[in-house]
Amino acid sequence: MPLPTLLAQVNDPADSAAFVPQGKEAKVARQAGVVGYRWVGNSLRFCLIASRNGRRWLLPKGTVEPGEPLYAAALREAWEEAGVQGYLVGFPLEPLRDDKPGKPRLVQLHLMEIARVADDWPEAFRRRSFVDLRTALRLLGRRNPYRDALRQAARRLLSPLG
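Cut-offs and rules
Residues numbered from 1 in each chain as written. Predicted model: local features only at pLDDT ≥ 70, side-chain atom pairs only at ≥ 80, totals over all residues. Heavy atoms only, no water. Helix = DSSP H or I, 4+ residues; strand = E, 2+ residues; numbered from the N terminus. Contact = heavy atoms within 4.5 Å. Areas by Shrake-Rupley, 256 points an atom, 1.4 Å probe, with all protein chains shown as cover. pLDDT = per-residue confidence, 0-100.

Draft legend 1. Structural view of the overall build of the chain. Helices and strands together make up the secondary structure of the chain, namely three helices and eight strands. Along the chain, helices (α) and strands (β) appear in the sequence β-β-β-β-α-β-β-β-β-α-α when read from the amino end. Looking at the chain alone, contacts between residues at least 24 apart form 72% of all its contacts between residues at least 6 apart. Within the structure as shown, the chain displays about 9000 Å² of accessible surface, and the carbon and sulfur contribution to it stands at 51%.

Draft legend 2. Examining the confidence of the model for the chain more closely. Per-residue pLDDT for the chain has a mean of 86; in total, 83% of the residues score no lower than 70. Below pLDDT 50 for its whole length, residues 1-18 participates in 38 contacts with residues either more than four positions away or in separate chains.

Draft legend 3. How the structure looks around the environment of Gly83. When you line up the elements, Gly83 lands in the loop between helix 1 (70-82) and strand 5 (84-88). On a C-alpha basis, the gap between Gly83 and Arg126 in space is 9.8 Å, while along the polypeptide they are 43 residues apart. For Gly83, the contacting residues outside a window of four places in its chain are Ala78, Arg116, Val117, Ala118, Trp121 and Arg128.

Below, the structure is given as structure tokens:
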């Protein structure tokens, strides 16, 4: 299935340069993803996807290809893993560490307003759900490093100052 046109509003053209690991961090894998959201009436809903084995809920994210800007990787992963397209909003969220045993990873998440939800997408075997903040936090689990990113996104979206 070809990758459809992705929509982006990037407010930080230095997006990739600010996120290149240095020194000991150079061996850390770079990943990018989105905290995807949409409004349903007055209710803010976040997009979560199931892990490949279906046992955990996650945010869409993945490896940044060599030479690929972080924002482009984030949009690509949103499409491939969740079948959503949209607009990146504001500056990226704070980078976070999501290490697996022997595989240190630094993840840059972007806030993305979802403009389109596909019925078919590259990883459509994954379950996808649009849930409120409380439900999203519960589904992610207590020890999930993405909980803080979700809270940060909610603060940005619900604050009168944005």
